[in-house]
Each structure stands twice: as structure tokens, then as C-alpha cells.
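Residue-level structure breakdown
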Amino acid sequence: MTRGSFSDRRHLVNGVSIPGLGFGTYKHGVTSATTVEMIRHAAQIGYRLFDTASLYANERSIGAGLRRSGVPREELFVVSKVWNQDQGYESTLAVIEESLADLRMEYIDLYLIHWPIPADHDHDWKDLNLATWRAMEKCYREGKLRAIGVSNFLEHHLQPLMAAAEIPVMVNEMEMNVGYYQREIHRFCLEQGIQIVAYSPLKGIDRGYPALEQLAQKYSRTPAQIALRWLIQLGMIPIPRSYDRERIKENTEVFDFNLTPAELELLCSIQDADRHHQHPDSARIRIDRYAKQKI
Ligand SMILES: NC(=O)c1ccc[n+]([C@@H]2O[C@H](COP(=O)([O-])OP(=O)(O)OC[C@H]3O[C@@H](n4cnc5c(N)ncnc54)[C@H](OP(=O)(O)O)[C@@H]3O)[C@@H](O)[C@H]2O)c1
């Protein structure tokens, strides 16, 4: 495998190009000024993909930081998502307009359904997902969204949506990290041509997994860099989040070494049963984004 570079892009099924490494933006309790500054800094050192969501309530600061960076809009790739209580046709149309206004952008590069089963929708989540998708398809056709997809969808969530979708699901943003490699959904998405964006890619790096530590030593890298390289070589797009300048840079320095196929598989095989993960079939904690102040 070629090592690639930080500026490499992949292509989604509709031909839109997407950066191969992105920047996560969710951090609880951080101020607008810090967010603007870190986003500006990340864009200036070469990050192009920025992952936000209406739930994060930080789209205003993300937009401001990106404008301040001076990077042309067409080089950037902004991801946002519709949160649970906004799922449905009319409400999704409305919340997309809200995100566009908060970002102060004319289009969003990739828009996702954040979670498959909102609270109190165990009985009708398939219809709800489809109504949400129809609104996203409308905005896609109008040029407000350049690509559309989902997040936290397992195969049985994806199947009904894919069967009814007029515009294909292009991306699935899933938790993927050392200790929690989700092999089944990875394989399914590869078969279906759905690009995986790997969220929380650094979770678990501080757990002292011997294989991760040994590889870090072998390649003179940090465990974070090994974890990111592993995800990239598996064909995923990791979106590490850091608000520390050194680590923001460190997380980009993953294009000058290659893990062997056996090392990739070794990291895939680590399954840490002690770690708690919220399963997509659960309704997830009720989070009322309207109770939060936008930054
Ligand atoms: N779609 C979804 O449902 C979903 C869910 C969760 C997250 N996400 C997205 O994915 C992004 C990333 O996930 P995440 O924020 O949960 O976790 P993450 O990126 O895996 O880890 C972030 C943590 O790692 C630390 N860190 C960053 N770089 C490091 C390095 N090189 N060495 C050691 N520690 C490092 C950060 O601290 P410092 O800031 O101090 O560096 C922070 O505490 C989020 O920001 C969000 O955009 C999406």
C-alpha cells in the first residue's frame, strides 16, 4: 500500500471527493473563542474535513473559524447531522436551513442522520428515517447538500433505508477504534460502496493494549498515530479531535509509515469487553439541544 499524504482524498459513490483524514469538533463546555481559534488553526495547518452536528451547537464557531482561516470554501469539507428530535420531513428541512445559517454557508458537503432510533420511536423509526432521508434528498437535489449519509447505522438499520432511497447512502459515520473494531458493519459498508468515517478514533489509546504499545515502539510513533494509521489503512476516514496544538499536528503525521497486513489484523482483533459503548439499537440518552446555548 502506498503511504499516501495528508492532502489525499477519496471519492464517494456520487464522485464527490472527501479528505482522507478529518477533524472532530465536539468538546463539551468549550467556549466559542477557543473553538474559533482551534478550527482556524487546524484549517491553516491542512485539515480540510470538519465534523460537526446540530447537536454540538457549535456550528457558528466552526463557520467563523473556517472563514478566519482564509482557506477557500471549495477546498473545505464540512459535515453536519440532524439530531433525533429533528428527524422527520419538515423538521429536517428546517434544521438544515438552520445549520446553513449558523455556518453561514450556502451548502454543506456531507449531511448525516445522526442516530437510527430516536427515543419513543421504536415502533416507527424506519418510516421516520425515510421521511428524514426524503428531506435530505430534496436538499441534495437543490445543491444545499453535496453528499448524504448516516451515522451509527448497523446493517439492519441501513437495509430498509437503502431499499427505499432514491439517492444512495454514501457514508456511515461509526465509532471505530482499537478495542472496538466493528468488523460486520465495516464489511457490509465496503460491499455496498458506503464510505466509513471513523469517529472517536482515539478512544482506548490510553488503555495500554500491549499490541498497540509494541507497534508504537516499533515504528517510533505514539499510540494515537498507530491507531489513526490503522484506520486509514483499513480504508476509513478517522476524525480525531484535539484542542491542543501539538496533538492537532501529531495526528496528521501518519503518512510516512505502513503497518503490515498482520499488524492491521492484530489491532482489529482487540475487543475490549470492559469498555462501555452505547448500542445503536438503544434510544440513547435524551439530549435536548435546544436547552444548550449555541456557540
Ligand atoms: N456521529 C457520532 O455519533 C459521533 C459520536 C462521537 C464523536 N463524533 C465525532 O468524532 C469526533 C472525535 O471523537 P471524540 O471527540 O469522541 O474522540 P477522539 O477524537 O477519539 O479523542 C479525543 C480525545 O483524545 C485526546 N487526544 C487527541 N489527540 C491525541 C493524541 N495525539 N494523543 C493523546 N490524546 C489525544 C483529546 O484530548 P486533547 O483535546 O487534550 O488533545 C481528547 O481527549 C468528535 O469530536 C465528533 O466530531 C461523532
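Residues numbered from 1 in each chain as written. Predicted model: local features only at pLDDT ≥ 70, side-chain atom pairs only at ≥ 80, totals over all residues.

**Quick word on the sheet that holds strand E8 (residues 171-175)**
- Spatial ordering of the open sheet is given by E3-E4-E5-E6-E7-E8-E9-E10, a layout of eight strands whose pairing is parallel. Since the sheet does not close on itself, it has two edges, and those belong to strand E3 (22-24) and strand E10 (237-238), each with one partner.
- Judged from the two bridges that link them, strand E7 (residues 148-151) and E8 form a sheet pairing that is parallel. What sits directly across from Ser151, in E8, is Glu173. (Pairing = 2+ DSSP bridges. Helix = DSSP H or I, 4+ residues; strand = E, 2+ residues; numbered from the N terminus.)

**Quick notes on the environment of Ile148**
- Of note, Ile148 is situated in strand E7.
- Of the residues examined, Ile148 has 23 C-beta atoms within 10 Å and is grouped as buried.
- Along the backbone, Ile148 and Asn14 are 134 residues apart, and their C-alpha atoms lie at a distance of 9.8 Å.
- Apart from the residues lying within four places of it in its own chain, the contact partners of Ile148 are Tyr111, Met136, Tyr140, Ile167 and Met170. (Buried ≥ 20, exposed ≤ 12 C-beta atoms within 10 Å, placed from the backbone. Contact = placed C-beta atoms within 7 Å.)

**Some thoughts on the pairing of strand E9 (residues 195-199)**
- Of all five residues in E9, five are buried, a share of seventy percent or more.
- Where E8 meets E9, five bridges bridge the pair, whose relative direction is parallel. Across the sheet, Met174 pairs through a bridge with Ala198, a residue of E9.
- The sheet contact formed by E9 and E10 spans two bridges and is parallel. Across the sheet, the residue bridging to Val197 is Ile237, located in E10.

**Some remarks on the site of the ligand**
- In the vicinity of the ligand, 24 residues are found, and the nearest of them are Gly24, Leu202, Ala224, Arg241 and Ser242.
- Of the residues in the shell around the ligand, the class split is eight nonpolar, nine polar and seven charged. (Near = placed C-beta within 6 Å. Nonpolar A, V, L, I, M, F, W, Y, C, P; charged D, E, K, R; others polar.)

**Some points on the nonpolar core**
- Ranked by internal contacts, the top residues of the largest apolar core, which has 73 residues, are Ala198 and Ala227.
- Tallying contributions element by element places helix H8 (residues 223-233) first for this core, with seven residues. (Core = buried A, V, L, I, M, F, W, Y, C linked by C-beta atoms within 7 Å.)

**So, helix H3 (residues 89-103)**
- Relative to the 21 Å expected for 15 residues at 1.5 Å per residue, H3 spans 21 Å between its end C-alpha atoms, a close match to the ideal helical length.
- Residues Thr92, Val95, Ile96, Ser99, Asp102 and Leu103 constitute the buried set of H3. Relative to the axis of H3, the buried residues are bounded by an arc of 130° and lie together on one face. Seen from the buried face of H3, the exposed residues on the opposite side, beyond 90 degrees, are Glu90, Glu97 and Ala101.
- Residues of H3 that are buried make contact with helix H2 (59-69), strand E5 (77-82), strand E6 (110-113) and helix H4 (125-141).
- Arg104 sits one or two residues past H3 and shows a positive phi near 55°. (Expected span 1.5 Å × (residues − 1). Arc of directions from axis to C-beta.)

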